[in-house]
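# Breakdown of the fold
Here are the chains, one letter per residue:
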Amino acid sequence: SRSRSSSRSSSGGGGGGAARAIMGLGTFFGRLFSLAFFTYAALYFWLRAGDTIHFLRYPEFTQLIMVIVVANYVLPRFIGIPVPDLKLQLLIGMLTSYYYLDVHTAARSFPPIDLSGKVAVVTGGNSGIGRATAVALAERNATVVIACRNDRLCQVAAEEMEREVADSVGGTGKVVPMRLDLADLAIVDYFSLMLARQYPRVDILVNNAGYHLGGLKQEPASRQGLERSFATMHVGHFALTEWLIRRNEGGAEGVVVMNVASGMHHMCQWITAVQGVTGGGWDDACMPARFFKSKFKDVGPKGYAGFKHLPMFVRKLSDLRYMRAKLANVLHTIELPKRHKGLHVTAADLGFVSSNITAGHKLLQAELVEGMPTLDQFFMRQTAPHGIRPVLLGALLPLVKPWAKSVGIKSKNGALIDPIGNAVYPFSLEKATGLKDVGGQKKLAKKLYDVSAAILADFEASRGGSLDERMD
């Protein structure tokens, strides 16, 4: 009897131990799943912050967030009603965000249009966003001039892109390579003249080419002694646009200009606010008065933000050179249609897209698991086809007004096409966050245009006129 009892006890203990082991294993994997889920959610919302932040401009979104926060606090504590698990709420949030950013937006971001007989120019068209945009225009039967710094790479890219277009849609679109270095106004002048001689009428100009040295290294000056980032991304594009309009058959009338900007222009007002409260003054952080006074030759201390009473490591977090160039793209978009009647201009905020810029970030190129996609490939929009949606939409919007109206998009001159696919006022995010015109941006657009025009006039005067004037 004692033996049988001992046997049962031993058997029961073994069964209980197995059950506890299984429960412990379940708890372990449950915690592991929670850790993986929350890590994924954190990475998703961090890497898509450039997209999701645009929801802030819609009062309904802000109200919804407030309702969710209050419900999570009030319902279980005071009313006794349980709320869904946090993981479920995050999952619903990610799915909702994904729907609006990548499903709802995609359905109204690819305008159906035949561009036969139209000529488009895309700067930086041999790679990244520029290449994908050029292919999309050529697939719609446009003749697309891709402007690149390197002749050989430009030629190779044009041949590859034409084959890609022929294989995908079999259309009549052509891709033509031409050399352009936006950091040298003499080359911009020559490019514009050769373009006008080969194509008397240009219908679409996509100012896309960028320059980003990475880190906070000191940039070499441009050929005219300007800050290179600014010279490439703004002054060169400003000059190209002006010379193109001047030499274009029919001038500005009916021409569409798309300035590829970035959400980084929003950072300028936010940094200005931090600069102001830390004693650095309320002059615009990205475009201070001294930058205009020097006619864009003041490169400053490697582009550091002017946080006067904050340590250097904090100042180094913000490279103002890229931000100010992108702010210039937006300000140029606001002012340009005021100076040229008949011109339609928009800027594009791509959001956070896997592109040439993200390729320089080591963290974004990291693989969570060897052989798996990198972080930027896993979480972010890819360059083609979805990364170019705001660019393509802005470049074609005035040509497809009935279609745009049918999908709920208003064609606004001087607007910013945001990652959600809406044409909005470029500083509407600042307005929504209470930082409207902190650095005096209302006056900057006119000032930027006037100083840029003065630089162009000085350059022409130093050479006895523009190239076509000297050749006549």
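Residues numbered from 1 in each chain as written. Predicted model: local features only at pLDDT ≥ 70, side-chain atom pairs only at ≥ 80, totals over all residues. Heavy atoms only, no water.

### Side note on the pairing of strand β6 (residues 344–348)
- Burial runs high along β6: five of the five residues are buried.
- The side-chain alternation of β6 yields two buried faces, one formed by H344, T346 and A348 and the other by V345 and A347.
- Pairing of β6 with strand β9 (residues 415–417), which is carried by three bridges, proceeds in the parallel orientation. Residue T346 lies in a different strand from β9, and its bridge partner there is A415. (Buried < 20%, exposed > 50% of the residue type's maximum accessible area, 1.4 Å probe, protein only. Helix = DSSP H or I, 4+ residues; strand = E, 2+ residues; numbered from the N terminus. Pairing = 2+ DSSP bridges.)

### Looking at the state of the cysteines
- All chains considered together, the criterion is met by two disulfides.
- Between the sulfur atoms of C268 and its disulfide mate C286 the distance is 2.1 Å. With the S-S dihedral at roughly -95°, the linkage between C268 and C286 falls on the left-handed side. With C268 in helix α9 (residues 265–277) and C286 in the loop between α9 and α10 (289–293), this pair connects stretches of sequence that are 18 residues apart. (Disulfide = S-S within 2.5 Å.)

### Thoughts on the confidence of the model for the chain
- Across the chain, the average pLDDT comes to 81, with 80% of residues at 70 or higher.
- Within the model, pLDDT remains below 50 along residues 4–10, and this stretch shows zero contacts once partners closer than five positions in the same chain are excluded. (pLDDT = per-residue confidence, 0-100. Contact = heavy atoms within 4.5 Å.)

### Here's the deal with the side chain of N329
- The residue N329 is located in helix α12 (residues 320–339) in this model.
- The buried category is assigned to N329, whose relative accessible area is 5%.
- In this structure the side chain of N329 is engaged in a polar contact, spanning 2.9 Å, whose partner is the backbone oxygen of M233.
- With residues near it in sequence (within four places) discarded, N329 still touches M233, H234, N259, V260 and A261. (Polar contact = N/O pair within 3.5 Å; in protein donor to acceptor, adjacent residues only side chain to side chain.)

### Observations concerning the sheet that holds strand β3 (residues 174–179)
- Read from one edge of the open sheet, eight strands run β3-β2-β1-β4-β5-β6-β9-β10, paired in mixed fashion. The open sheet is flanked by β3 and β10 (423–424), the only strands paired with a single partner.
- With five bridges connecting them, strand β5 (residues 256–260) and β6 associate as parallel partners. Residue V260 lies in a different strand from β6, and its bridge partner there is A348.

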